[in-house]
Amino acid sequence: MNKKTILSASIMLAGALVASSTFAAEELRLLTWGGYAPKEVIEQFEKETGIKVKVTKSNNEEMISKLKATRGAGFDLAQPSQDRVASAQQDFNIYKPIDLSKIDSSQFISSMLDATRGQSTVDGKVYAVPHVWGSSGLIVNRSIAADVKDYTDLCDSKYAGKVTYRLKRPTLIGFAFAMGEDPFAAYSDPAKYKQIMEKVGMKLTDCKANVKAYWSGGDAMLSLMRSGETVAAMAWDAGGWKLNSDNSDITFVAPKSGALGWIDTFVLPRKTKNEAAAYQWINFVMRPEIAAKITESAGNFTASKGSDKFVDAKKKAQYQESFSASDIDNIKWYPPVPTGLEKIEGKILDRVKAS
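The structure presented is a predicted model; accordingly, all values stated were derived computationally and were not measured.

**Regarding the environment of Ser 111**
With respect to the secondary-structure elements, Ser 111 resides in helix α5 (residues 110-119). The buried category is assigned to Ser 111, whose relative accessible area is 17%. The spacing of Ser 111 and Ser 326 is 215 residues in sequence and 10.0 Å in space, taken between C-alpha atoms. Excluding its chain neighbours within four sequence positions, the residues that come into contact with Ser 111 are Ile 328, Asp 329 and Trp 333. Looking at Ser 111, its side chain comes within polar contact range of the side chain of Asp 329, at 2.9 Å.

If you want it as structure tokens, here you go:
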């Protein structure tokens, strides 16, 4: 082999190594929930971009634990809930700020984007944008209890022994809003929060005659509504739509004072290696027709504007019947819970149970 041949071979080998290195770098390591990255969505993204997607399924506790252990390394994009972003960043410094100029904000439901930005801002920097969401509110048999429009309507004497809800913090929060209070605004004032919870506790104690059962498992609530033992409940949206599929009289109703909502977000781990791919994935899955595929897989809707138009006809009708645009804008999104408030809530719930 002459020098010219050796030189050509060396150049070809070097080029191959560079290409191999470039290809290896084109991988998106996604830390997410089950159902949020279905196979068909991954395959379409990989076909359009050439970026391979490696999915690790997890939950809030595990996500934070993994990123804390590596100081924000090991993944390019993660999906904690909105109430696990600011506090985790303040405590562990595991995320990096989102560059909103790289996000196609026109694809997002604006009220959800604003809510997530507000709750994930630390030292003036935004650390998350919204993805999958869900809510709790009212499930109503409209043929019998059509006038149940807000949480406190569950206490109307005409429904004695005919309603069900949990003795958990969402019930305290929901009733507080329906009674004209803003419990989330009182999170920074424990004395005020306690005053609100005392007021709600008295209401729930007075309401006990209306409660057929305090449900603890979702199947129990579904059974009570299916059998007609109860005609109204406080529960989650997907449960209401599940019942609606069997009985068109029953469905989820967004309360007048606002449904209570959670959002699973997109965040950038602090030591992401492929930030560009992360932004590409976010903008890809927020396209309405792609977001609809995630809804079909996960069972929950996303913050993608107009994606409900692309889900199956039944789910689309259920969603649009339960939520108007103003209902969406009126959702009360859970902020992080400050230390000490759960103790206040626990005492109120114990008192109601024992009354």
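**Let's talk about unusual backbone geometry**
For Arg 71, which is not glycine, the phi dihedral falls at a positive 60°. Summarising the element assignment, Arg 71 is placed in the loop between α3 (60-70) and β3 (77-78). A positive phi angle, close to 55°, is found at Asp 123, a residue other than glycine. Turning to its location among the elements, Asp 123 is positioned in the loop between β5 (121-122) and β6 (125-126).

**Side note on the domain arrangement of the protein chain**
Here the protein chain is partitioned into domain 1 (3-133 + 262-329) and domain 2 (136-260 + 337-354). Opposite the 11 residues of domain 1 that make contact, domain 2 presents 10 residues. Counting the surface lost from both domain 1 and domain 2, the interface buries some 920 Å², and carbon and sulfur atoms represent 47% of this. Here domain 1 is connected to domain 2 by one salt bridge. A salt bridge links Arg 142 to Glu 321, with the shortest nitrogen-to-oxygen separation between them at 2.4 Å. Where domain 1 packs against domain 2, one counts six residue pairs in polar contact (both at pLDDT 80 or more). The element that contributes the greatest number of residues to the side of domain 1 that touches domain 2 is helix α13 (residues 313-322), accounting for five residues.

How each quantity is defined
- Numbering of residues starts from 1 in each chain and follows the order in which that chain's sequence is written.
- For this predicted model, a pLDDT threshold of at least 70 governs which residues receive local features, and a threshold of 80 or more governs which side-chain atom pairs are given and counted, while totals over whole chains, interfaces and linings are taken from all residues.
- Processing note: side-chain calculations cover all non-hydrogen atoms of the structure and skip hydrogens and water entirely.
- A run of H or I in DSSP counts as a helix once it spans at least four residues, and a run of E counts as a strand once it spans at least two, with each numbered from the N terminus.
- Buried, partly exposed and exposed residues are distinguished by accessible area as a fraction of the type maximum, computed with a 1.4 Å probe on protein chains only: under 20%, between the cut-offs, and over 50%, respectively.
- Whether two residues are in contact is decided by their heavy atoms, any of which lying within 4.5 Å being enough.
- Any N or O atom pair separated by 3.5 Å or less is treated as a polar contact, with the protein-specific requirement of one donor-capable and one acceptor-capable atom, and with residues adjacent in sequence counted only for side-chain atom pairs.
- As used throughout, domain bounds are those supplied by an automatic or database domain assignment.
- We define buried area as the total accessible area lost by two parts upon association, computed with a 1.4 Å probe and summed across both.
- The term salt bridge refers to a side-chain nitrogen of Lys or Arg lying within 4 Å of a carboxyl oxygen of Asp or Glu.

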